[in-house]
Amino acid sequence: MKTVSTTNAPAAIGPYAQGIVVNGMFYSSGQIPLTAAGELVEGDIVTQTNQVFENLKAVLEAAGSSLDKVVKTTVFLGDMNDFAAMNEAYASHFGEHKPARSAVEVARLPKDVKVEIEVIAVVE
């Protein structure tokens, strides 16, 4: 098992790693819309989703992977009414690649953000 850590994404705010690589697979911790410096990105669901993807790209790169190697995502939304707008932003980052996905509304997210996303990806 290899712990993944990068300064190009926000540091873990608890007792967990940004991600783990095991047996050729990368498992990310959930990413929320914080900058690499740890500042919360305010704004609508699209703005927050775009920041989450910047963080995901950074941890994927540190793991030796990328968005085009993602096989599964889990999206946590603070409000399912934001689904359509989040989905449009999400699709813009993946393009033609369409990993398996779950999306759920949750009662509350860390720092009261609108979205958190985690990924599982192949590492080659």
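Calculation notes
- Residues numbered from 1 in each chain as written.
- Predicted model: local features only at pLDDT ≥ 70, side-chain atom pairs only at ≥ 80, totals over all residues.
- Heavy atoms only, no water.
- UniProt positions renumbered as here; feature names shortened; annotations may be inferred.
- Helix = DSSP H or I, 4+ residues; strand = E, 2+ residues; numbered from the N terminus.
- Polar contact = N/O pair within 3.5 Å; in protein donor to acceptor, adjacent residues only side chain to side chain.
- Salt bridge = Lys/Arg side-chain N within 4 Å of Asp/Glu carboxyl O.
- Buried < 20%, exposed > 50% of the residue type's maximum accessible area, 1.4 Å probe, protein only.
- Phe/Tyr/Trp six-rings, centres within 6.5 Å; stacked < 30°, edge-to-face > 60°.
- Lys NZ or Arg CZ within 6 Å of the ring centre and 35° of its normal.

- The chain is annotated in an unreviewed UniProt entry as RidA family protein from Lysinibacillus antri.
- Regarding the chain, the relevant UniProt record gives this comment under Sequence similarities (unreviewed entry): "Belongs to the RutC family."

1. Thoughts on the environment of E54
Then, number 1: Topologically, E54 is positioned in helix α1 (residues 45-63).
Then, number 2: Within the local environment of E54, its side chain forms a polar contact with the side chain of K57, the two groups lying 3.4 Å apart.

2. Quick word on the pattern of salt bridges
Then, number 1: Taken as a whole, this structure holds two salt bridges when the rule is applied.
Then, number 2: The partner of K57 in a salt bridge is E54, and the shortest N-O contact between them spans 3.4 Å. Placement of the pair is K57 and E54 together in helix α1, with a separation of three residues, close to one helical turn.
Then, number 3: Owing to a relative accessible area of 33%, K57 belongs among the partly exposed residues under this scheme.
Then, number 4: A salt bridge links R108 to D112, with the nearest nitrogen and oxygen atoms 2.6 Å apart. For the residue pair R108 and D112, the accessibility class agrees, reading exposed in each case.

3. Considering the packing of aromatic side chains
Then, number 1: Per the stated rule, a full pass over the model turns up three aromatic pairs.
Then, number 2: Consider the rings of F53 and Y90, whose centres lie 5.7 Å apart with planes at 80°: the pair is edge-to-face. With a gap of 37 residues between them, F53 in helix α1 and Y90 in helix α2 (residues 83-94) connect regions that are remote in the sequence.
Then, number 3: With relative accessibility at 6%, the residue Y90 sits in the buried group.
Then, number 4: In this structure, R101 is placed above the aromatic ring of Y90, and the distance from its NZ or CZ to the ring centre is 4.5 Å.

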